[in-house]
Amino acid sequence: MSSQTIPSTAARAAPSTSLQHRATKRRALGSVLASAAAVLLGGCASLSPEQAIAPVQQQSQAWLSADLPLQQTDDQRAAARQRTEALLAQPLDAQAAVQLALLNHRGLQASLYGLGMAESERVQTLLWPNPVLSLGRLVRGDEREIERGLSVNLLALLGRPARQDASARTLAREQARVAQQLLDIAGQARRRWIDAVAAQAQQAHARTVLDSASAGAELTLRMRQAGNVSALRLARERAVLAEAQLAMEQAQLQAVREREALIRAIGLWGDDVARLSLPERLPDVPSTFRQADDLERTAVAQRLDIQAAKRQSEALAAQLGLTRQTGRLNALELGLQRNSSNQAPTQRGLDLSLEVPLFDWGQARIVGAQQAYLQSVEQTAQTAIDARSEVREASERAQAAWRIARRHHDELLPLARQVSDETLLRYNGMLIGVMDLLADARAQARAVSAALGAQRDFWLAEATLSQSLLGPVHDTASSASPNTSSTPGASTDASGAAH
């Protein structure tokens with residue numbers, strides 16, 4: 001009987017071997033799953049700051065035809081330094097000024113690092129929330145009880161897709177902000193270059209006017225000593241000379257100020273400041289104005305402030321959806337429990353923690369999210385209205401500046417030269433005196449000074465219009481009216497006209 005009721009040693013050992021085999025398989029399966037999860041999570045969580053910077057670098061190439069390198073390593077900084085030295089080796093044009101600004105602006109480099117931070121936050125949302133492991137040991141007499149728990153925040157899991165979408169929108173919004181900063185820095189560099197070259201040209205012209213006034217005063221003094229002119233005439237010529245000297249001082253000061261403004265805009269320092277050289281004058285005003293085919297529609301489609309406002313509205317709409325889904329829940333956790341004791345069987349089970357929305361049903365959060373979304377919609381509409389107005393104003397200003405500059409180039413300057421030639425013929429024919437010749441020289445100087453001012457105003461207006469198609473223009477010079485009354489030398493010429 002015992003041989004039939006009592007299992008043999010081999011029979012008792014068989015289940016034990018089977019259990020060990022199953023345990024080994026479970027451990028192997030767990031190891032494989034853990035490795036696969038680690039590989040999967042590692043792939044999802046790949047972090048690349050350069051990937052976040054790439055869209056801004058592409059916009060820099062497309063909009064400005066300029067490079068925006070990330071200067072993170074010594075080799076990258078050395079390459080930027082070589083590029084700076086190469087650009088300073090020759091007179092700086094407007095495009096080179098923009099490139100120097102992008103290479104040397106520290107604030108822009110700081111913003112590129114900020115994009116890397118935003119990218120890291122986006123990658124953070126791709127990670128699964130960590131489970132919470134809890135351990136406890138309880139003693140009651142001779143009984144020893146060990147409690148083990150593993151819980152997961154279900155609320156974090158439910159909101160994970162929305163947070164991923166929100167982080168991606170945040171990164172896009174940050175990229176738009178850096179792109180706007182890029183436009184501002186490039187626009188500042190271009191406008192300061194125009195001002196610096198124009199001021200330098202006005203300084204050279206003021207020196208020519210001063211030389212002419214000095215010659216006129218010297219000649220008048222000799223004629224006065226010979227008794228050929230009156231004391232009144234001599235006093236007038238001396239007054240013209242004094243005003244020309246004053247205008248020269250003003251032109252020199254203005255040239256220094258504009259040059260320093262350019263140096264600040266392009267980030268030069270040390271020995272690079274002395275190496276900066278500028279062309280003698282601005283480019284000629286084009287014979288035709290740019291083709292303006294629906295500038296407002298173009299601006300609405302590509303302006304950064306409008307795109308940023310749209311992204312903000314979309315982010316708030318996504319946030320509103322998440323709040324509606326989880327607004328009534330503040331805590332929702334699911335856990336596994338396993339309690340073992342030396343005097344009782346092991347306990348296993350599930351643990352669900354849920355906050356009961358007895359007093360707070362989340363209405364305030366939902367209403368707040370709705371109001372934030374509606375606010376962003378109205379702000380987006382207002383941004384579009386402002387953008388259209390800015391583009392219209394910039395376009396009208398640029399067209400007016402172009403017409404004025406072309407009138408100076410096509411009509412006033414040729415007429416001034418014709419008058420000067422006729423005056424010289426009459427002087428050579430002894431039909432007019434030297435005073436008439438000097439008066440004509442001063443009139444021609446006024447025409448040249450006004451033409452230089454009109455040329456500067458056109459290029460400033462053109463730069464403002466180009467930037468307004470891509471984003472708002474943050475520069476006080478953009479509001480300056482296209483006139484030449486404030487140009488150095490104008491007061492001297494006007495005073496000369498009174499004589």
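Residues numbered from 1 in each chain as written. Predicted model: local features only at pLDDT ≥ 70, side-chain atom pairs only at ≥ 80, totals over all residues. Heavy atoms only, no water.

- Per an unreviewed UniProt entry, the chain carries the name TolC family protein and comes from Roseateles amylovorans.

Structural notes on the UniProt feature "coiled-coil region" (unreviewed entry) in the chain
Right, on to step 1. On the UniProt side, "coiled-coil region" (unreviewed entry) is annotated at positions that read residues 232-261 here.
Right, on to step 2. Between the end C-alpha atoms of residues 232-261 the distance is 43 Å, and the span holds 100% helix and 0% strand. (UniProt positions renumbered as here; feature names shortened; annotations may be inferred. Helix = DSSP H or I, 4+ residues; strand = E, 2+ residues; numbered from the N terminus.)

Notes on a nonpolar patch on the surface
Right, on to step 1. Together, L133, L135, L150, L336 and L350 make up an exposed nonpolar region whose accessible area comes to about 560 Å².
Right, on to step 2. Examined against the element boundaries, L150 turns out to sit in strand 2 (residues 143-153).
Right, on to step 3. Owing to a relative accessible area of 39%, L150 belongs among the partly exposed residues under this scheme. (Patch = residues over 30% accessible without salt bridge, like charges linked within 9 Å, V, L, I, M, F, W, Y side chains within 5 Å. Areas by Shrake-Rupley, 256 points an atom, 1.4 Å probe, with all protein chains shown as cover. Salt bridge = Lys/Arg side-chain N within 4 Å of Asp/Glu carboxyl O. Buried < 20%, exposed > 50% of the residue type's maximum accessible area, 1.4 Å probe, protein only.)

Let's talk about the environment of L241
Right, on to step 1. In this fold, L241 is placed in helix 9 (residues 231-266).
Right, on to step 2. Under the relative-accessibility criterion, L241 is labelled buried at 17%.
Right, on to step 3. Once the C-alpha coordinates of L241 and A217 are considered, the two residues, 24 residues apart in sequence, prove to be 6.7 Å apart.
Right, on to step 4. Excluding anything up to four places from it in sequence, L241 contacts L210, A213, S214 and A217. (Contact = heavy atoms within 4.5 Å.)

Quick notes on the packing of helix 8 (residues 160-225) against helix 14 (residues 434-468)
Right, on to step 1. One can describe the packing of helix 8 onto helix 14 by two numbers: an axis separation of 10 Å at closest approach and a directional angle of 175 degrees. When the interaxial angle is binned, helix 8 and helix 14 end up roughly antiparallel.
Right, on to step 2. Per-class residue counts for the contact of helix 8 with helix 14 are 17 nonpolar, 10 polar and five charged. (Axes fitted to C-alpha atoms, helices over the stretch in contact; angles between N-to-C directions. Parallel < 35°, antiparallel > 145°, perpendicular 65-115°, else oblique. Nonpolar A, V, L, I, M, F, W, Y, C, P; charged D, E, K, R; others polar.)

A word on the nonpolar core
Right, on to step 1. Within the largest apolar cluster, 47 residues are counted, with the highest numbers of intra-cluster contacts made by L64, L92, L102, W193, I266, L276 and L278.
Right, on to step 2. Those elements giving two or more residues to this core turn out to be helix 3 (49-64), helix 4 (74-88), helix 5 (94-104), helix 6 (106-126), helix 8, helix 9 and helix 14.
Right, on to step 3. It is helix 8 that contributes the most residues to this core, 13 residues altogether.
Right, on to step 4. Discounting residues that sit within four places of it in the chain, L278 has contacts with P91, L92, W193, A196, V197, Q200 and L262.
Right, on to step 5. In terms of nonpolar packing, the next biggest core, distinct from the first, is built from 15 residues, F289, A299, A454 and L465 among them. (Core = buried A, V, L, I, M, F, W, Y, C linked by side-chain atoms within 4.5 Å.)

Observations concerning the packing of aromatic side chains
Right, on to step 1. Here the structure, examined in full by the defined rule, presents two aromatic pairs.
Right, on to step 2. Centre to centre, the rings of F289 and W402 are 6.2 Å apart; their planes meet at 55 degrees, and the pair counts as tilted. Of the two residues, F289 is situated in the loop between helix 10 (271-275) and helix 11 (295-302) and W402 in helix 13 (residues 363-428); the sequence distance between them amounts to 113 residues. One exposure class covers both F289 and W402, and it is buried. (Phe/Tyr/Trp six-rings, centres within 6.5 Å; stacked < 30°, edge-to-face > 60°.)

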